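Each chain, letter by letter, is given below.
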Number of protein chains: 2
Amino acid sequence: MTATMRPAAEAAPAVPESLGRTRDAVQPALRAAVDRLDETSRAISAYHLGWTDADGNPVSGNGGKAVRSALAVLSALAAGAPAETGVPGAVAVELVHNFSLVHDDLMDGDTERRHRPTVWALWGAPAAILTGDAMLALAQEVVLDSGSAHAIPAARLLSETTRRLIHGQVLDVQFEQRDDVTLPECVTMAGGKTGALLSGSAAIGAVLAGAPAETVDALAVFGEEVGLAFQLVDDVLGIWGDAAVTGKPVYSDLRARKKSLPVTYAITHGGATGRELAEWLAGEETGDETELARVAALVASAGGRDWATAEAARRVETAERALSAIPAGPRDELIGIARFIVHREA
Amino acid sequence: MTATMRPAAEAAPAVPESLGRTRDAVQPALRAAVDRLDETSRAISAYHLGWTDADGNPVSGNGGKAVRSALAVLSALAAGAPAETGVPGAVAVELVHNFSLVHDDLMDGDTERRHRPTVWALWGAPAAILTGDAMLALAQEVVLDSGSAHAIPAARLLSETTRRLIHGQVLDVQFEQRDDVTLPECVTMAGGKTGALLSGSAAIGAVLAGAPAETVDALAVFGEEVGLAFQLVDDVLGIWGDAAVTGKPVYSDLRARKKSLPVTYAITHGGATGRELAEWLAGEETGDETELARVAALVASAGGRDWATAEAARRVETAERALSAIPAGPRDELIGIARFIVHREA
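Let us look at the structure shown here. Here the structure is a predicted model, which means the values were calculated and not measured.

1. Some remarks on the overall build of chain A
Assigned secondary structure in chain A consists of 16 helices and 2 strands. Over its C-alpha trace chain A gives a radius of gyration of 20 Å, about what one expects of a compact globule, namely 20 Å for 346 residues. Taking the principal axes of the C-alpha coordinates as reference, chain A spans close to 60 × 50 × 35 Å. The buried share of chain A, taken over its 346 residues, is 57%. Of the contacts made within chain A by residues no fewer than 6 positions apart, 73% connect residues no fewer than 24 positions apart. With 30 positive and 46 negative side-chain charges, chain A shows a separation of 3 Å between the mean positions of the two kinds.

If you want it as structure tokens, here you go:
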């Protein structure tokens, strides 16, 4: 059952069948929720979610993998409830995820997402702020309207999850201005930005089902560890990934001087090599490909690559072990999605 | 019991004693809620709320009138519950109000609020977006943690209120680009930006108390009408207010070409004079004070000033009438706050 980290060059695993199945269960509810937004927020959300083009014409395509809503539905199944019990949670985590994407794209100044112009790039900053705000408020409403006897703890989980996600972004913004970020701080940031919402997604279906605390906690740990494993792998690929496979320029994270997990490990645990790396990061030179290759070699020889790879594998193991008491059917599907999430960028 | 609109030059009513009393009840809970935010969001919120200076040093002063939280506490009293029942609602509406101020200041590019630099002006756009987001998520949490048997409908009211507030700002942003805004559209916008949260504030305490629908509805109507009355008076003062009293430059709303309620009435109901006004608004000339005085006279002679003044009085009457079945004590205090809100800028 234990996953091993496959080398980046290996083909990514096939999209798990459960993703398509859960998306079919969640999409109508997500569309019904978005339909409740005011006309403008609705139109912009539909574009952002990949349902329409910028003029509002419907487009084909499925608008992303919706892994978070799949986790929420499987979470209800893991607690012995029907899939429908998890659907309001699935819609809510999808809305929170997209609220954060719309706001983050603005904050980060990113003009493209999935090869399409971002919301702020098309409609301006106020539209991006307000559409994100509306999606966040709507997410709570969907859980409150679920009719579940456990709507309060589910809504509570959603809002705590949202605040951890926001905190992760707060730290990310701050770290750009700092050159003394510790490894635990960096892990906290990644835990907020990536772990929190995957953890909340994996737990919310079980909470809506009224599952016992052990089940909820096990699913939350599973999601959290999968999130951190994904981030570690993503950070490794951001430096050493094959540009043809990742779709990002080679050494993209080094070019951006990103204080990713392997880089932070190398700086803080890599002795003299780590200090040389820290000096380069503090500098201004852009660096050609030869220079970036030299810096990537510094990260590796300071132990950053090996640590991140081993740590990702360890977290996948922890994630899978957390599910030991979950019934085999949903457990296998959750693990299938976990492996897909962790390796999808490979 | 019926309020009459006092002329703008008359002194504003004294601050109702109930505002101080309810603030004393709410402040510790608001501070405890803000304490739960991450360190950065907490520090920025404390500054925005007027508790600290930009370096985090405590400052004296009371950080605003907190009329929304006073309405929420009186709302519980109006339903026959103790003040404490309304406190989580009071904290939540105060957080939603301040979430919207922090985001609106950024969207509007306003660098000052209450004679202090705004959050985005001090810490940048990402900090303003994230602090607002965190306050919004926290607001829900406070209601969900209230322990009230009616937390779900209260949280539901809060999120619907928030979405109306957001919709009001969406329309406000859009109307800047349009020259065909109708009076009903303008009222919808003002209802969202000003009516929604005062309505939600006036109702949420009663919802937390489990009051019957008639009581909740009466309080919601009261808050809504007070909000629109306030906006109408504020719009009149934005054109004809005494700069020494309002603290804003004379004709400030005309200078900004703001499509306020009296201006929209004048354009859409003022015949040839309205068309002359519309042409000026569509133009580019800044206009000296003589020119602005001429435009203000156009608004007045097209009926905008008289309509807004009469409409405000009518809405105050509707607001007060809505409270007929509320016990006399809380009713008189609600009416005292309503008169204070409507006339505070005079």
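2. A word on helix α9 (residues 213-240) of chain B
Owing to its 3.6 residues per turn, the α-helix aligns residues three or four sequence positions apart on the same side. Over its 28 residues, α9(B) extends 40 Å from the first C-alpha to the last, a length consistent with the 40 Å expected when each residue adds 1.5 Å. Burial within α9(B) is extensive, with 22 of its 28 residues counted as buried.

3. Some words on the side chain of A:Thr194
All names here are of chain A. Among the structural elements, Thr 194 can be located in helix α8 (residues 183-208). You can call Thr 194 buried: its relative accessible area is 9%. At 2.7 Å, the side chain of Thr 194 and the side chain of Gln 231 are in polar contact. In contact with Thr 194, not counting residues within four places along its chain, are Gly 227, Phe 230 and Gln 231.

4. Considering the side chain of B:Thr162
By secondary structure assignment, the location of B:Thr162 is in helix α7 (residues 151-175). Judged by relative accessible area, B:Thr162 falls into the buried class, the value being 2%.

5. A closer look at the interface of chain B and chain A
On the side of chain A, 35 residues touch chain B, which itself brings 35 residues to the contact. A combined buried area of about 3100 Å² lies between chain B and chain A, and 68% of that area is made up of carbon and sulfur atoms. Taken as a group, B:Leu130, B:Leu144 and B:Arg163 account for 21% of the area that chain B buries against chain A, more than any other trio of residues on that side. At the boundary of chain B and chain A, one finds 6 salt bridges. A salt bridge links B:Arg156 to A:Glu141; its shortest N-O distance comes to 3.6 Å. Linking chain B to chain A there are 12 residue pairs in polar contact (both at pLDDT 80 or more). Those elements that place two or more of their residues in the side of chain B that touches chain A are α2 (39-48), α4 (83-108), α6 (125-144) and α7 of chain B. By residue number, the principal contributor to the side of chain B that touches chain A is α7(B), which donates 14 residues. Classifying every residue of the side of chain B that touches chain A by side-chain character gives 18 nonpolar, 9 polar and 8 charged.

6. Side note on the packing of α9(B) against helix α15 (residues 304-322) of chain B
Helix-helix packing: each pair is described by the crossing angle between the helix axes and the interaxial distance. All names here are of chain B. Contact pair α9 / α15: the axes reach a minimum separation of 8 Å and the direction vectors enclose 160°. In terms of axis orientation, α9 runs roughly antiparallel to α15. As α9 runs across α15, the sense of the crossing is left-handed. Here Ala 218, Val 221, Phe 222, Glu 225, Val 226, Leu 228, Ala 229, Leu 232, Val 233, Val 236 and Trp 240 of α9 lie close against α15, whose contacting residues are Arg 305, Trp 307, Ala 308, Thr 309, Glu 311, Ala 312, Arg 315, Val 316, Thr 318, Ala 319 and Ala 322. Across the contact of α9 with α15, the residue classes tally to 16 nonpolar, 2 polar and 4 charged.

Parameters and conventions
Residues numbered from 1 in each chain as written. Chains lettered and ligands numbered in written order. Predicted model: local features only at pLDDT ≥ 70, side-chain atom pairs only at ≥ 80, totals over all residues. Heavy atoms only, no water. Helix = DSSP H or I, 4+ residues; strand = E, 2+ residues; numbered from the N terminus. Rg over C-alpha atoms; globule rule 2.2 N^0.38 Å. Buried < 20%, exposed > 50% of the residue type's maximum accessible area, 1.4 Å probe, protein only. Contact = heavy atoms within 4.5 Å. Lys, Arg positive; Asp, Glu negative; His and termini not counted. Charge placed at Lys NZ, Arg CZ, Asp CG, Glu CD. Expected span 1.5 Å × (residues − 1). Polar contact = N/O pair within 3.5 Å; in protein donor to acceptor, adjacent residues only side chain to side chain. Buried area = accessible area lost by both parts, 1.4 Å probe. Salt bridge = Lys/Arg side-chain N within 4 Å of Asp/Glu carboxyl O. Nonpolar A, V, L, I, M, F, W, Y, C, P; charged D, E, K, R; others polar. Axes fitted to C-alpha atoms, helices over the stretch in contact; angles between N-to-C directions. Parallel < 35°, antiparallel > 145°, perpendicular 65-115°, else oblique. Left-handed = near helix turned anticlockwise from the far one by under 90°.

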